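Spelled out from the first residue to the last, the chains are:
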Amino acid sequence: MKKLLIVSHVPSDNTRQLTGWVASGAGSGQVEVELSQPLQTGAQQVLNADGLILGTTENFGYMSGAMKDFFDRIYYPCLDETRGLPYALFIRAGQDGQGAKTSIERIVTGLGWRAVQEPLVCKGEITQFEEPCMQLGELMALGLEQEIF
């Protein structure tokens, strides 16, 4: 069975809800889903995953500090072992989400990970993102299950 790791920073009810929708969508497939906070996620979890979904808040036009800490800790242990790893990204944005998106894309490009969906930037009323978040999770799980990526 394929394993999908969702690493999401959930400092608020809104990001908790977004992450829940993503996990719910991913859980509808035939993959093992592991949900983890960035500060509690280690390199071995990434190495054991067949795909990742990353979730972050936008803080001062950047990814959350917790997500940056995650990347700092897993970067070198995962650098040569995870090239080509499929990932998707969602951002709870207060501005336009571009700073957070760009900073994460820079790091995952260095890791050699492969974006398999356009980043989902969730700005505005949270309820409008229920379906897109569920679809993000569902499509990622389905892609892993069907070995599309």
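Above this text sits the structure in question.
Residues numbered from 1 in each chain as written. Predicted model: local features only at pLDDT ≥ 70, side-chain atom pairs only at ≥ 80, totals over all residues. Heavy atoms only, no water.

**Digging into the side chain of Thr56**
Argument step 1. Mapping Thr56 onto the fold places it in strand β3 (residues 51-59).
Argument step 2. Excluding its chain neighbours within four sequence positions, the residues that come into contact with Thr56 are Met63, Ser64, Met67, Phe90, Ile91, Arg92 and Ile104. (Helix = DSSP H or I, 4+ residues; strand = E, 2+ residues; numbered from the N terminus. Contact = heavy atoms within 4.5 Å.)

**Some thoughts on the pairing of strand β2 (residues 32-36)**
Argument step 1. Across five bridges, the pairing between strand β1 (residues 3-8) and β2 is parallel. Bridge pairing in β2 places Lys3 opposite Glu32.
Argument step 2. As a crossover connection, the stretch from β1 through helix α1 (residues 13-26) into β2 is right-handed. (Pairing = 2+ DSSP bridges. Right-handed = clockwise from strand over helix to strand, strands pointing away.)

**Side note on the pattern of salt bridges**
Argument step 1. Counted under the stated rule, the structure contains six salt bridges.
Argument step 2. Linking Glu34 and Lys3 is a salt bridge whose minimum nitrogen-to-oxygen distance equals 3.0 Å. Here Glu34, found in strand β2, pairs with Lys3, found in strand β1; they are 31 residues apart in sequence, far enough to count as distant.
Argument step 3. With relative accessibility at 17%, the residue Lys3 sits in the buried group. (Salt bridge = Lys/Arg side-chain N within 4 Å of Asp/Glu carboxyl O. Buried < 20%, exposed > 50% of the residue type's maximum accessible area, 1.4 Å probe, protein only.)

**Thoughts on helix α5 (residues 130-145)**
Argument step 1. Over its 16 residues, α5 runs 22 Å from end to end, which matches the ideal 22 Å to within 8%, given 1.5 Å per residue.
Argument step 2. Within α5, burial applies to Cys133, Leu136, Gly137, Met140, Ala141, Gly143 and Leu144. Projected onto a plane normal to the axis of α5, the buried residues spread over an arc of 165 degrees and lie on a single side.
Argument step 3. Buried residues along α5 sit in contact with β1, α1, β3, β5 (86-93) and β7 (120-123).
Argument step 4. Among the residues trailing α5, Glu147 stands out with phi positive, at a value near 55 degrees. (Expected span 1.5 Å × (residues − 1). Arc of directions from axis to C-beta.)

**Some words on the packing of α1 against α5**
Argument step 1. The interhelical angle for the contact between α1 and α5, taken along N-to-C directions, is 40 degrees, at an axis separation of 6 Å. Between α1 and α5, the interaxial angle falls into the category oblique. Where α1 crosses over α5, the two elements pack in a sense that is right-handed. For the pair α1 and α5, the contacting residues are Leu18, Trp21, Val22, Ser24, Gly25 and Ala26 in the first and Glu130, Cys133, Met134, Leu136, Gly137, Glu138 and Ala141 in the second.
Argument step 2. Looking at the contact of α1 with α5, its residues break down into eight nonpolar, three polar and two charged. (Axes fitted to C-alpha atoms, helices over the stretch in contact; angles between N-to-C directions. Parallel < 35°, antiparallel > 145°, perpendicular 65-115°, else oblique. Left-handed = near helix turned anticlockwise from the far one by under 90°. Nonpolar A, V, L, I, M, F, W, Y, C, P; charged D, E, K, R; others polar.)

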